[in-house]
Amino acid sequence: FLNVLINLVEELPEYKLCIRVHPNLKNKVKPNLSDWEEIKKNKNVLLFDCFSKVDSVEIIDYSDIVVCWESSLIETAAYLRKKTILLNDLLYKNISIANFVENNSQLRKAIIEKNVDKDLYRNSAIDLAFFRCNEGFDSKYLLNNCELKI
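Below is a summary of the structure that appears in this document.

### Points about the overall build of the protein chain
1) Next: Secondary structure summary: the protein chain contains six helices and five strands in total.
2) Next: Listed by position from the N terminus, the elements making up the protein chain come as α-β-α-β-α-β-α-β-β-α-α.
3) Next: Long-range pairs, those at least 24 residues apart, make up 51% of the contacts in the protein chain with a sequence separation of at least 6.
4) Next: In the form shown here, the protein chain has an accessible surface area of approximately 10,300 Å², with 51% of it arising from carbon and sulfur atoms.

### Observations concerning the packing of aromatic side chains
1) Next: For the coordinates displayed, the defined rule picks out zero aromatic pairs.
2) Next: Between the NZ or CZ atom of Arg122 and the centre of the ring of Tyr79, over which it lies, the distance is 4.1 Å.

### A word on the pattern of salt bridges
1) Next: According to the stated counting rule, one finds four salt bridges in the structure shown.
2) Next: For Arg108, the salt bridge is made with Glu11, and the minimal N-O distance between the two is 3.0 Å. Note that Arg108 is positioned in helix 5 (residues 104–112) and Glu11 in helix 1 (residues 2–11), a separation of 97 residues in sequence.
3) Next: Residue class for Arg108 comes out partly exposed when judged on its relative accessible area of 29%.
4) Next: For the salt bridge of Lys41 with Glu38, the shortest nitrogen-to-oxygen distance reads 3.2 Å. Both residues of the pair, Lys41 and Glu38, count as exposed.

### Notes on helix 6 (residues 118–133)
Count 3.6 residues to each turn of an α-helix, and residues three or four apart come out pointing the same way.
1) Next: Compared with an ideal rise of 1.5 Å per residue, which puts 16 residues at 22 Å, helix 6 spans 22 Å between its outermost C-alpha atoms and is within 8% of the ideal.
2) Next: Those residues of helix 6 hidden inside the fold are in contact with helix 4 (73–79), strand 4 (83–86) and strand 5 (99–100).

### Topic: the packing of helix 1 against helix 5
1) Next: Two elements in contact, helix 1 and helix 5, have axes separated by 10 Å at closest approach and are oriented at 45°. As judged from the angle between their axes, helix 1 and helix 5 are oblique. The two elements helix 1 and helix 5 cross, and the hand of that crossing is right-handed. Along its contact with helix 1, which presents Val4, Leu5, Leu8 and Glu11, the element helix 5 presents Asn104, Leu107, Arg108, Ile111 and Ile112.
2) Next: Class assignment of the residues belonging to the contact of helix 1 with helix 5 gives a composition of six nonpolar, one polar and two charged.

### Details of unusual backbone geometry
Where the residue is not glycine, phi is negative for most of them; where a peptide bond is considered, it is trans in most cases.
1) Next: Not every positive phi belongs to a glycine, and Arg81 is a case in point at roughly 60°.
2) Next: If you trace the backbone, Arg81 turns up in the loop between helix 4 and strand 4.

### Let's talk about the side chain of Arg122
1) Next: Along the chain, the position of Arg122 falls in helix 6.
2) Next: An unpaired buried charge is present at Arg122: no salt bridge exists, and Asp119, the closest side chain of opposite charge, is 6.2 Å distant.
3) Next: Those residues in contact with Arg122 that sit more than four places away from it in its chain are Ala78, Tyr79 and Arg81.

### Quick look at the pairing of strand 3 (residues 65–68)
1) Next: Taking every second residue as pointing to the same face, the buried face of strand 3 carries Val66 and Cys68, while none of Ile65 and Val67 on the other face is buried.
2) Next: Each parallel crossover has a hand, and the one from strand 3 via helix 4 to strand 4 is right-handed.

Thresholds applied
Residues numbered from 1 in each chain as written. Predicted model: local features only at pLDDT ≥ 70, side-chain atom pairs only at ≥ 80, totals over all residues. Heavy atoms only, no water. Helix = DSSP H or I, 4+ residues; strand = E, 2+ residues; numbered from the N terminus. Contact = heavy atoms within 4.5 Å. Areas by Shrake-Rupley, 256 points an atom, 1.4 Å probe, with all protein chains shown as cover. Phe/Tyr/Trp six-rings, centres within 6.5 Å; stacked < 30°, edge-to-face > 60°. Lys NZ or Arg CZ within 6 Å of the ring centre and 35° of its normal. Salt bridge = Lys/Arg side-chain N within 4 Å of Asp/Glu carboxyl O. Buried < 20%, exposed > 50% of the residue type's maximum accessible area, 1.4 Å probe, protein only. Expected span 1.5 Å × (residues − 1). Axes fitted to C-alpha atoms, helices over the stretch in contact; angles between N-to-C directions. Parallel < 35°, antiparallel > 145°, perpendicular 65-115°, else oblique. Left-handed = near helix turned anticlockwise from the far one by under 90°. Nonpolar A, V, L, I, M, F, W, Y, C, P; charged D, E, K, R; others polar. Lys, Arg positive; Asp, Glu negative; His and termini not counted. Right-handed = clockwise from strand over helix to strand, strands pointing away.

Here you go:
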């Protein structure tokens, strides 16, 4: 998938690719950073390695499209009404929080697609946050006992 994203930013100069390497990678005994060095050479790619102190949510704020393998940051992106694309639906199966793609051609199409229901993604993120805050209890049991202010 990463090659598709890099190829797209090479083909479409109006796109910039910002990659945030997962911070936990620095906890590996010897993280292999050489793969990332080659990617950094592309002028349309901005790479933050695992040692970077950059705030991931701030990157999302500046982004139009957020692509994640599997991360709770997709919830933040959806809530912020970003075009969200998931490469793995393990955590979010059957939740309309992002466009799930299974292959390179679907990824390419999802990135270029202009008509995306960002409100659907945002509402799903709100529902998911409410569900988590209430430990999975259905809201019909909670509405009489609490106020939800968003």
